[in-house]
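In case you want the letters, here they are:
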Amino acid sequence: MSAVPVKTVLITGANAGIGKDVARQLALRPEVARIYLACRNRDRASEARAELEAKTGRAIFEIVLMDVADPGSVRAALAGIDGSLDALVMNAGGVGGRTPTALTADGVTTVFAVNVLGHAVLLDTLLTEGRLGEVAVYAGSEAARGVPKFGMKRPSFASTSADELATVIDGSYFTGRRLDRNLAHGQVKYIAALWMASLGRRYPDRRFVTVSPGNTSGTDGPNDMSLPLRLAARYVMPVLKISHKLEVGAKRLVDGVIDPTLSSGVFYASAANTTTGPLVDQAEIFPDLANPSFQDHANEAIHRFIA
């Protein structure tokens, strides 16, 4: 099947790492005519744009100042963009720094804010205004279905109701429990994958795809980890082939945009207990991801925190 024709793309977290390389790879496709680099910092965004123009030989990059942890910033940024987008790549995220369960002004945990809250506002606004033409891709994580050999537990809930999922979003899930930062991150990515699947069912004329970039070297992801883990991510994992190069992780998200065989509502990532290699449907590993009720509960829980 031929690639999806995409002319205009917005990428969050586009000034570094995977987001910047997604922009580079898409710019090498002649049909892509405009790429919005959605970033928090203008200086870093300007440096990224200059580097991308030099590498691709194309002046198609526009800077959009946007902090996806702040719904107000997202709405203001969108108001400054004319017209529609063919594709949206929701790449910005992270483990939430040193205090992932600290609450923001919106009453959500930091890890939820940086990964989901602003992206939900962004996508909601585009859909409500009829400004998303083809596809939305969310950067998922294998943590959403657990990776035991990396010490990442599978998110597990008693009912997976909207009320229960909301305890993850407002941080009360860990009240009386010892904080597990990997699990907190995995829970947020699990909720996001369910939410994207619910959108796939509600809007069958567009594609909503969750794709994990996998364990990718050359990103800022390890910065919030302990020193031994930072060193392992940089020097040990690539040698042991349990991580892949930046361009490989970025290509996964690019494929989410242009490859029509990646189906709407599906979460694609590595095979069970791995974080590299071919993409597979994660519902084959974690069937809860394909449960329509759980998907709708995730959507409901997220929107309890959006004014």
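Everything that follows concerns the structure shown earlier in this document.
Here goes a summary of the coordinates provided. (Residues numbered from 1 in each chain as written. Predicted model: local features only at pLDDT ≥ 70, side-chain atom pairs only at ≥ 80, totals over all residues. Heavy atoms only, no water.)

### Quick notes on helix H2 (residues 42-56)
Residues spaced three or four apart along an α-helix point in a common direction, a consequence of the helix completing one turn every 3.6 residues.
Reasoning step 1: Over its 15 residues, H2 extends 21 Å from the first C-alpha to the last, a length consistent with the 21 Å expected when each residue adds 1.5 Å.
Reasoning step 2: In this fold, the buried residues of H2 make contact with helix H1 (17-27), strand S2 (34-39) and strand S3 (61-65).
Reasoning step 3: Capping the start of H2, Asn41 holds a side-chain oxygen 3.0 Å from the backbone nitrogen of Asp43, two or three residues further along.
Reasoning step 4: Count one or two residues on from H2 and you reach Gly57, which has phi positive near 70°. (Helix = DSSP H or I, 4+ residues; strand = E, 2+ residues; numbered from the N terminus. Expected span 1.5 Å × (residues − 1). Contact = heavy atoms within 4.5 Å. Polar contact = N/O pair within 3.5 Å; in protein donor to acceptor, adjacent residues only side chain to side chain.)

### What about the pairing of S3?
Reasoning step 1: Here S2 pairs with S3 via five bridges, running parallel. Paired with Cys39 across the bridge in S3 is Leu65.
Reasoning step 2: In this fold, S2 hands off to H2, which returns the chain to S3; that crossover is right-handed. (Pairing = 2+ DSSP bridges. Right-handed = clockwise from strand over helix to strand, strands pointing away.)

### A look at the packing of aromatic side chains
Reasoning step 1: Applying the stated criterion to the full structure yields six aromatic pairs.
Reasoning step 2: Measuring from ring centre to ring centre gives 6.5 Å for Tyr138 and Trp195, while their planes differ by 85°; the resulting arrangement is edge-to-face. Taken together, the residues span a long stretch of sequence, with Tyr138 in strand S5 (residues 132-139) and Trp195 in helix H6 (residues 181-202) at a distance of 57 residues. Summarising the burial analysis for this pair, Tyr138 and Trp195 share the class buried. (Phe/Tyr/Trp six-rings, centres within 6.5 Å; stacked < 30°, edge-to-face > 60°. Buried < 20%, exposed > 50% of the residue type's maximum accessible area, 1.4 Å probe, protein only.)

### Regarding the pattern of salt bridges
Reasoning step 1: Across all of its chains, the model carries twelve salt bridges by this definition.
Reasoning step 2: Among the salt bridges present, the one from Arg24 reaches Asp21, with a minimum N-O distance of 2.7 Å. In this pair, Arg24 and Asp21 both sit in helix H1, three residues apart, roughly one turn of the helix.
Reasoning step 3: Note that Glu51 is salt-bridged to Lys55, the shortest N-O span being 3.1 Å. Note that Glu51 and Lys55 are positioned in helix H2 at a spacing of four residues, about one turn of the helix.
Reasoning step 4: Bridged by salt links that share partners, the residues Lys20, Glu51 and Lys55 form one connected network. (Salt bridge = Lys/Arg side-chain N within 4 Å of Asp/Glu carboxyl O.)

Any functional reading would require information that these geometric values do not contain.
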